[in-house]
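# Report on the structure
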Amino acid sequence: MKYIDPNELRRQLDNWLASACLSHGPARAIIAPHAGYTYCGACGAFAYRQVSPAVVKRIFILGPSHHVRLRGCALSVAKKYETPLYDLKIDVEVNAELEKTGHFSWMDMKTDEDEHSIEMHLPYIAKVMEEFKNQFSIVPVLVGSLNPDQEALYGRLFTKYFLEPENLFVISSDFCHWGQRFNYTYYDKSSGPIYKSIESLDKRGMEIIETLDPASFTSYLREYNNTICGRHPIGVLLNAVKILQEKGCNTNFKFLKYAQSSQCKHMDDSSVSYAAGSLVFEC
């Protein structure tokens with residue numbers, strides 16, 4: 001395992017968080033990227049900056065499965081996750097509650113250790129919660145290839161946890177993976193250079209997510225096939241919020257930052273997009 005200097009990591013995270021403004025909080029859920037921090041660390045800070053650590057007691061991390069075929073959602077068998085800053089305690093009681101629903105399986109340790117969509121959020125969580133590090137737990141959830149009915153099912157199962165103000169949901173997702181190596185080269189030339197076409201495509205999806213309408217997001221994905229790797233965790237979020245709205249909650253989601261790993265100008269270029277946003281609501 002590569003050694004990571006905790007002081008250097010802490011300094012880097014502090015700098016990114018200091019550069020992001022608190023404008024849409026306190027977050028009850030965030031969407032944030034999971035790539036290497038060199039690419040998306042600054043972008044992710046705009047989501048984590050909206051978190052109010054004094055309120056949070058439990059953090060659900062919903063990350064898409066990149067390496068194993070999974071038709072539902074899976075929980076971690078670990079008792080803690082190690083980070084360069086400090087260890088994060090996994091909430092075994094909530095895991096047991098979720099298992100009792102009959103809709104959750106368990107990750108094996110290799111799957112758990114290999115999955116970066118959850119792992120890349122851990123240092124940011126540790127940093128933001130540092131002053132309360134013994135007062136919160138995490139619930140990592142690996143999200144598989146869900147159909148819309150399943151997204152609605154898991155949204156319903158998580159609704160009771162959304163309603164508890166001490167819970168924060170981290171929705172892990174990058175946005176467009178563009179290029180031949182991703183088998184995705186959608187290009188609307190009317191947008192200008194390729195990177196502008198990608199941005200336009202992503203922002204169309206982001207605007208739909210901000211409407212908090214799961215059916216519209218599903219339709220967008222079917223129309224454009226945009227390679228948003230966290231589409232299913234996002235779908236679960238949108239379905240949970242739909243139920244919150246039916247219960248009379250006032251909900252508002254806003255994207256605060258968008259970035260690309262590089263600017264594609266030729267068809268043999270490639271890039272990954274990142275977006276950071278925050279959900280606030282009152283019931």
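That block above? That's the structure.
This structure is a prediction, so every number in the text was calculated from the model and none was measured. (Residues numbered from 1 in each chain as written. Predicted model: local features only at pLDDT ≥ 70, side-chain atom pairs only at ≥ 80, totals over all residues. Heavy atoms only, no water.)

### Thoughts on the packing of helix α8 (residues 194–211) against helix α9 (residues 214–224)
Taken N-terminus to C-terminus, the directions of α8 and α9 make an angle of 160°; their axes are 9 Å apart at the nearest point. Between α8 and α9, the crossing angle belongs to the class labelled roughly antiparallel. Relative to α9, α8 is oriented so that their crossing is right-handed. Judged by residue contacts, Leu 201, Asp 202, Arg 204, Gly 205, Ile 208 and Ile 209 of α8 engage Ser 216, Phe 217, Tyr 220 and Tyr 224 from α9. Residues belonging to the contact of α8 with α9 are distributed by class as follows: six nonpolar, two polar and two charged. (Axes fitted to C-alpha atoms, helices over the stretch in contact; angles between N-to-C directions. Helix = DSSP H or I, 4+ residues; strand = E, 2+ residues; numbered from the N terminus. Parallel < 35°, antiparallel > 145°, perpendicular 65-115°, else oblique. Left-handed = near helix turned anticlockwise from the far one by under 90°. Contact = heavy atoms within 4.5 Å. Nonpolar A, V, L, I, M, F, W, Y, C, P; charged D, E, K, R; others polar.)

### Concerning helix α2 (residues 37–48)
Here α2 is 12 residues long, yet its end C-alpha atoms lie only 14 Å apart, well below the 16 Å a rise of 1.5 Å per residue gives. Most of α2 is tucked away, with nine of its 12 residues classed as buried. Looking at the buried side of α2, the elements it contacts are α1 (6–19), β1 (29–32), α6 (122–128), β8 (167–172), β10 (250–260) and β11 (271–282). (Expected span 1.5 Å × (residues − 1). Buried < 20%, exposed > 50% of the residue type's maximum accessible area, 1.4 Å probe, protein only.)

### Here we look at the pairing of β11
Of all the 12 residues making up β11, 11 are buried; the element is thus mostly covered by neighbouring parts of the structure. As paired strands, β1 and β11 are joined by three bridges and run antiparallel to one another. Residue pairing for β11: Ile 30 is matched across the bridge by Ser 278. (Pairing = 2+ DSSP bridges.)

Taken by themselves, the reported measurements are silent on function.
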